[in-house]
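# Survey of secondary and tertiary structure
Each chain, letter by letter, is given below.
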Amino acid sequence: MIQPDDPYRSLMFITHRPPTVFVRGQGSWLEDDQGQRYLDFIQGWAVNSLGHCHPAVVEALCQQSQRLINPSPAFYNDQALRLAQLIVSHSCFDRVFFANSGAEANEGAFKLARKWGALHCNGAYEIITLHHSFHGRTLAAMSASGKPQWETLFEPKVPGFRKVDINDIDAVQRAINDHTVAVMLEPIQGEAGVIVAENSFLADLRELTRRRRLLLIVDEVQTGIGRTGRLFAYQHANIEPDIMTLGKGIGGGVPLAALVAKEEVCCFEAGDQGGTFNGNPLVAAVGAAVMETVLAAGFLAQVEQTGHYLMQQLQQLCQRHSFQLVRGRGLLVAVDLGHEIAAEVARLAFENHLLVNAPRPSVLRFMPALNVTHDEIDQMITILDDACQQSMALAS
Ligand SMILES: *Cc1c(COP(=O)(O)O)cnc(C)c1O
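For clarity, every value in this text was computed on a predicted model and none was experimentally measured. (Residues numbered from 1 in each chain as written. Predicted model: local features only at pLDDT ≥ 70, side-chain atom pairs only at ≥ 80, totals over all residues. Heavy atoms only, no water.)

A separate point is the overall build of the protein. The helix and strand inventory of the protein stands at eleven helices and 17 strands. Taken over the C-alpha trace, the protein has a radius of gyration of 21 Å; the compact-globule value for 396 residues is 21 Å, and the two agree within 12%. Counting only C-alpha atoms, the protein reaches 60 × 55 × 50 Å along its principal axes. Contacts in the protein between residues far apart in sequence, at least 24 positions, make up 70% of those at least 6 positions apart. Carbon and sulfur atoms make up 52% of the accessible area of the protein, which amounts to about 18100 Å² in all. Both charge centroids of the protein, one from 31 positive and one from 42 negative side chains, sit 4 Å from each other. (Helix = DSSP H or I, 4+ residues; strand = E, 2+ residues; numbered from the N terminus. Rg over C-alpha atoms; globule rule 2.2 N^0.38 Å. Contact = heavy atoms within 4.5 Å. Areas by Shrake-Rupley, 256 points an atom, 1.4 Å probe, with all protein chains shown as cover. Lys, Arg positive; Asp, Glu negative; His and termini not counted. Charge placed at Lys NZ, Arg CZ, Asp CG, Glu CD.)

Turning our attention to the site of the ligand. Every residue close to the ligand is listed here: S101, G102, A103, N106, F134, H135, G136, E186, D219, V221, Q222 and K248. One of the backbone nitrogen or oxygen atoms of G102 is found 2.8 Å away from an oxygen atom of the ligand. Between the ligand and A103 there is a distance of 2.8 Å, counted from an oxygen atom to a backbone nitrogen or oxygen. Against a free-state accessible area of 390 Å², the protein chains account for coverage of 83% of the ligand. Considering each element in turn, the shell around the ligand owes the most residues, three residues, to helix 4 (residues 102-120). (Near = heavy atom within 4 Å. Polar contact = N/O pair within 3.5 Å; in protein donor to acceptor, adjacent residues only side chain to side chain.)

Enumeration according to the criterion identifies 16 salt bridges in this entry. Across the pair K115 and E269 runs a salt bridge, and its minimum N-O distance is 2.6 Å. In this pair, K115 is assigned in helix 4 and E269 in the loop between strand 12 (257-261) and helix 8 (281-295), connecting sequence segments 154 residues apart. The partner of R206 in a salt bridge is D242, and the shortest N-O contact between them spans 3.0 Å. (Salt bridge = Lys/Arg side-chain N within 4 Å of Asp/Glu carboxyl O.)

Moving on, we come to the side chain of N278. When you line up the elements, N278 lands in the loop between strand 12 and helix 8. Here the side chain of N278 touches N100 through a polar contact of 3.0 Å, side chain to side chain. If we ignore the near neighbours within four places in the chain, the residues touching N278 are P73, F97, F98, A99, N100 and E104.

This is the structure we're talking about:
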């Protein structure tokens, strides 16, 4: 496959990518090195919560890069304190540990739960997770994940994870044993194709874990920071988890993640946890700028309203093409096409300069910037309509 003059060959192969090379971005639009513009409903995998190169993000980067970039995690810095304060004052949690990726934040959650189990639950260490869940790509995060394609990859897995089905409280109950320390889930399974954990399931899980003295961990790497129309998705269910992880949208595009916990659970001792880049003021300043933007009056209401509009438009598209259904919350939305044509539709959409993601063979996922406009949604629907038409014609 690789030609001697292949301009991409210096990058390690990890996945098939189109030959397009992006050089610029603004809001919902990307531009390649030929000057072609693309409408972006992937946004770096729900990462650019405010769109590409939002002024608040750019300004935080410019200003902070001239003040202080990294004094080392052995010392406090003002931006980490500022962002941690923003997170704890707008959630049910008390303390924050910053990380550089969602997987790393989840590793921190596993460690915190295991430490808590060692101290308070006779050494219990097992964490119940869900089939089809996605918690990241470190070995432990892959072991926690319920992605079927990963079952035999990079063996042996890290032990200590037991899987059950989503929205099945009896299955969770049956999976609990003397070694169980926690239950961990995504409030909405993003990579699985936007499968929503019912509010009643989350409430039952909270009740069950409290009764059995287990920790409840929510992985909000994809759902956090306004993505679902609330600041955090657990808030839809009116519960208070013990531990939450954040990533993706909190950095507005820069690598930033967080492990967040209730005071009672914060049991790390000196030397248990750390990381060279963790909580550096450059990315923390960006995180604080993102949070302040998302927390501004009316922003979350706008996300909810835009989410309704997106779902409405997708529902109409579904009717036009006899697709199965639309699901999701806020601006994390998926269409189940009912046929395994999602990758083909995404490919055709890309040819027509629209970026959408196909997380499952029959599912398309939409995770636009939280400030996407109705006009951009309309433009997306127009391109998608064409792509669906073409791929159905090819299929029949
Ligand atoms: C993307 C994602 C992760 C992994 O985050 P990385 O920054 O890629 O390590 C973990 N959990 C969920 C729910 C995610 O969507």
